[in-house]
2 protein chains.
Amino acid sequence: MEESFPMTGGDGPNSYAKNSKRQKGAADKAKSVLVEAIIEKLEVEDTPSIASTFRIADLGCSTGPNTFFSVNTIIEAVTHKYKTKGHTSLPDFQVHFNDHVSNDFNMLFNSLPPGRQYFVSGVPGSFHSRLFPKASLHFVYSAYALQWLSRVPQELSDINSPAYNRGRIFYSNAPNEVGKAYTAQYVMDMERFLAARAKEIVPGGLMALLIPGRPEGTLPAESSIGPFFQPLESCLVDMENEGIINKAKIDLFNLPMYSPSPEELRQLIQKNGSFSIARLESNTSAGSKQLCGAGECRSGLENIIAGHFGSNIVDELFERYAKKIAECPPLDTGDTSGIGLCIILKRNL
Amino acid sequence: MEESFPMTGGDGPNSYAKNSKRQKGAADKAKSVLVEAIIEKLEVEDTPSIASTFRIADLGCSTGPNTFFSVNTIIEAVTHKYKTKGHTSLPDFQVHFNDHVSNDFNMLFNSLPPGRQYFVSGVPGSFHSRLFPKASLHFVYSAYALQWLSRVPQELSDINSPAYNRGRIFYSNAPNEVGKAYTAQYVMDMERFLAARAKEIVPGGLMALLIPGRPEGTLPAESSIGPFFQPLESCLVDMENEGIINKAKIDLFNLPMYSPSPEELRQLIQKNGSFSIARLESNTSAGSKQLCGAGECRSGLENIIAGHFGSNIVDELFERYAKKIAECPPLDTGDTSGIGLCIILKRNL
């Protein structure tokens, strides 16, 4: 069964809306990549269906405001492209904001920027499935959302499996079998993601993906996002040692996230066969070596943690987390950590 | 400034979702009208843009579940039409659920029917403005939503105007000037509604509107929906007499709703000029003569009442309302009340 792990909604102090500056910073860095991709790769004349409506989707948009900045960048670049091609009239722009059904769409709709030059649509559902009619999208964007798996791999909760992930909440520092289970789930999820988008994107349409990744040639266990979760794991283990959390609960809790290497992604895209790779690069400077602040970590993970451990432990957990990271130096993980993958795909004609 | 008057969200005892049986009953009666319109009027071969995606919009959908029943009816009828025309493959269906930004879209998305055969989109905003790209919709539906005005006519709150609506909350039993102010607002609103839809609906596309109306040849003050609001007005006046509500507050409170006659609508549609009238009929049996129960009345009006009078009076008001209507006989308003208007429009080619 598909699971969903929404960011914390609303606009309170623990909300995603108030705790997504890191994602904003990374999206800012990707702005030039988006603009370049559109200017160089978007085929304005060769795609007649673009003529009347240009449809954009942000997959895993959460509640804003980052999605609004990215959408503006995309629309400005497409407009520029139309003008340089001598078009005197522009298409109507329609933007589909997608996230899980459990996302706070009320908050998203209430924070829509006034004076926007596009028609708005909210699309609830998992991006691992079909979300849109066939050949209806011209530009798909997804930033820092594709690290989420559709579910935790089942073997991790099977005490008889070599992938049973005792005492850990992630696959870094775990036996190889744990990493393999995560990889297998990621392959299934990305196959479904690419198959769905191949149907939905018009021939010649573009897809831009920003994904936290690992460097070429590394093992999953050397996951670039692993170190970010170590303070959290450590707090959970402390609480277990003090009898606040039941031990078996930690064994059965695993974060459904994965960071792929460039070659893993390249293989999945080639196997799908519907897209050509216009760009696939890693940017070591895009990954921050700052640990997540308690607010940032909580906005992304409190729903999933409350769902597993109960909401009564959440306040205490993140108070401990805040103290723990105050004592930590910035991450020093050398070349094996903190890379951002930027992928531009073009739907084959 | 455009105002919005959302139904009560969520699924609690006072929610619209739990208090919309009357609308369901009326929509059930309209089912045969919808099916007939699609079978007789939808041009499957003449509208090539239908081929890949068939886009439906429900304007003023609220939180469900009625919208889901109507959407199913429409999709079944379109499917039937395609099959009788010998099509072996069907288009993808995409349904845009529209209501004000303040509508509870989270509730709507959480109650989407499992196993549905269409792609979902939620579109926040006023249907008195543009909501969709040009020529992008094939079937527009709106049931019991177009009685809402975009705002209360300004003159009603101007103590120096002959339309100042002292001691009343609606235009029934009011001076002619009050009715005229309502009519003028309705004309402006419907002109904007029709102009927006004329741009959004494909040539040959259909629009089905269900509207509470008045019989041909009656004055606005004989509004068919007026008697439904008299028990509410009477409770407010009682509370004013007891000093619970400030007198000036009632003078300045007016329900932003209007029920047109068939000829008013016909004139507006003809003036717009983009649609031909496939059907415009009134159905006296579609209007119920039952007064609204307290739950039904509250789910539709508590937000607007709380906004004006303060939320502290809402519980008491509807307790009084429940008592008041328990003492009332069913409405006996003869021919001047309770008609439902059913309009099928076809976008000119």
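Thresholds applied
- Residues numbered from 1 in each chain as written.
- Chains lettered and ligands numbered in written order.
- Predicted model: local features only at pLDDT ≥ 70, side-chain atom pairs only at ≥ 80, totals over all residues.
- Heavy atoms only, no water.
- Contact = heavy atoms within 4.5 Å.
- Buried area = accessible area lost by both parts, 1.4 Å probe.
- Salt bridge = Lys/Arg side-chain N within 4 Å of Asp/Glu carboxyl O.
- Polar contact = N/O pair within 3.5 Å; in protein donor to acceptor, adjacent residues only side chain to side chain.
- Buried < 20%, exposed > 50% of the residue type's maximum accessible area, 1.4 Å probe, protein only.
- Helix = DSSP H or I, 4+ residues; strand = E, 2+ residues; numbered from the N terminus.
- Pairing = 2+ DSSP bridges.
- Right-handed = clockwise from strand over helix to strand, strands pointing away.
- Phe/Tyr/Trp six-rings, centres within 6.5 Å; stacked < 30°, edge-to-face > 60°.
- Lys NZ or Arg CZ within 6 Å of the ring centre and 35° of its normal.
- Lys, Arg positive; Asp, Glu negative; His and termini not counted.
- Least-squares fit on C-alpha atoms with pLDDT ≥ 70 in both.
- 1 Å grid on protein atoms, 1.4 Å probe; cavity = no way out; pocket = protein on both sides within 12 Å on 5 of 7 lines; lining within 4 Å.
- Points joined across faces, edges and corners; volume = space filled by probe spheres on them.
- Nonpolar A, V, L, I, M, F, W, Y, C, P; charged D, E, K, R; others polar.
- Arc of directions from axis to C-beta.
- pLDDT = per-residue confidence, 0-100.

Turning next to the interface of chain A and chain B. Taken together, the contacts link 28 residues of chain A with 28 residues of chain B. Across the chain A/chain B interface, buried area totals approximately 2200 Å², and carbon plus sulfur atoms make up 53% of it. Run the count over chain A and chain B and you get four salt bridges. A salt bridge links R130 of chain B to D92 of chain A; the nearest nitrogen and oxygen atoms lie 3.5 Å apart. Our enumeration of links across chain A and chain B arrives at eleven residue pairs in polar contact (both at pLDDT 80 or more).

In this section: the pairing of strand β2 (residues 92-99) of chain A. Residues and elements named next belong to chain A. Across the eight residues of β2, eight count as buried, placing the element largely inside the fold. Of the two faces of β2, the one carrying D92, Q94, H96 and N98 and the one carrying F93, V95, F97 and D99 are both buried. Relative to β2, strand β1 (residues 53-59) is paired through seven bridges, and the arrangement is parallel. Counterpart to L59 in the pairing with β2 is N98. For the crossover that starts at β1, traverses helix α2 (residues 66-84) and ends in the parallel β2, the hand is right-handed. Sheet analysis places β2 next to strand β3 (residues 119-124), joined by six bridges and oriented parallel. Within β3, the residue paired with V95 across the bridge is V120.

Take the packing of aromatic side chains next. Tallying each qualifying case throughout the model produces 28 aromatic pairs over all chains. Cluster of aromatic residues (ring-pair linked, three or more members): F170, Y171, Y182, Y186, F229 and Y258 of chain A. Sitting above the plane of the F193 of chain B ring, R197 of chain B keeps its charged end 4.9 Å from the centroid.

The next point concerns the side chain of E240 of chain B. All names here are of chain B. Here E240 shows up in helix α5 (residues 226-241). In this structure, E240 is buried with no salt-bridge partner, the nearest side chain bearing the opposite charge being K247 at 4.4 Å. Each residue touching E240, except ones within four places of it in the same chain, is listed here: I245, K247 and I250.

Moving on to the relation of the copies chain A and chain B. Overlaying chain A with chain B gives an RMSD of 0.0 Å, the required rotation being 180° about an axis along which the chain moves by 0.0 Å. Both copies of the chain, as the preceding transformation shows, are related through a two-fold rotation axis. Minimal C-alpha distance to the rotation axis in chain A is attained by G122 of chain A, lying at 2.4 Å. Comparing interface residues between copies, 100% of those in chain A also sit at the interface in chain B, which points to an isologous, same-surface contact.

Let us now look at empty space enclosed by the protein. Residues and elements named next belong to chain A. Counted by the stated rule, this structure contains three cavities of 30 Å³ or more. Empty space within the second largest cavity amounts to approximately 40 Å³. If you trace the second largest cavity, you find it lined by I169, F170, S172, N173, G226, F229, Q230 and E233. Tallied by class, the residues present in the lining of the second largest cavity amount to three nonpolar, four polar and one charged.

For the rest of this paragraph, the subject is helix α7 (residues 262-272) of chain A. Residues and elements named next belong to chain A. Listed in full, the buried residues belonging to α7 are P262, E264, L265, L268 and I269. Taken end-on, α7 shows its buried residues confined to a sector of 165°, consistent with a single buried face. Summarising the geometry of α7, the exposed residues directed more than 90 degrees from the buried face are Q267, Q270 and K271. Note on α7: the residue one or two positions beyond its end, G273, has a positive phi of about 85°.

Moving on: the pattern of salt bridges. Residues and elements named next belong to chain B. A full pass over the atoms with the stated rule returns 34 salt bridges over all chains. For R279, the salt bridge identified is with E36, shortest N-O distance 3.1 Å. A residue pair is termed long-range when its members are at least 10 positions apart, and R279 in strand β6 (residues 275-283) and E36 in helix α1 (residues 21-41) qualify at 243 residues. According to the relative accessible area criterion, E36 is partly exposed, its value standing at 35%. Residues K271 and E191 are paired through a salt bridge, measuring 2.7 Å at the closest nitrogen-oxygen approach. Within this pair, whereas K271 is found in helix α7 (residues 262-272), its partner E191 is found in helix α4 (residues 176-200), the two being separated by 80 residues in sequence.

Turning to the side chain of S161 of chain A, a few remarks are in order. Along the chain, S161 of chain A turns up in the loop between β4 (137-143) and α4 (176-200). Of note is the side chain of S161 of chain A, whose polar atom sits 2.9 Å from the backbone nitrogen of A163 of chain A.

This paragraph deals with the confidence of the model for chain A. All names here are of chain A. Residues with a pLDDT of 70 or more make up 90% of chain A, whose mean pLDDT is 88. Confidence, read as mean pLDDT per element, is least for helix α1 (residues 21-41) in chain A (78) and greatest for β3 (98). For this predicted complex, the interface confidence reaches an ipTM of 0.89, while the overall pTM sits at 0.90.

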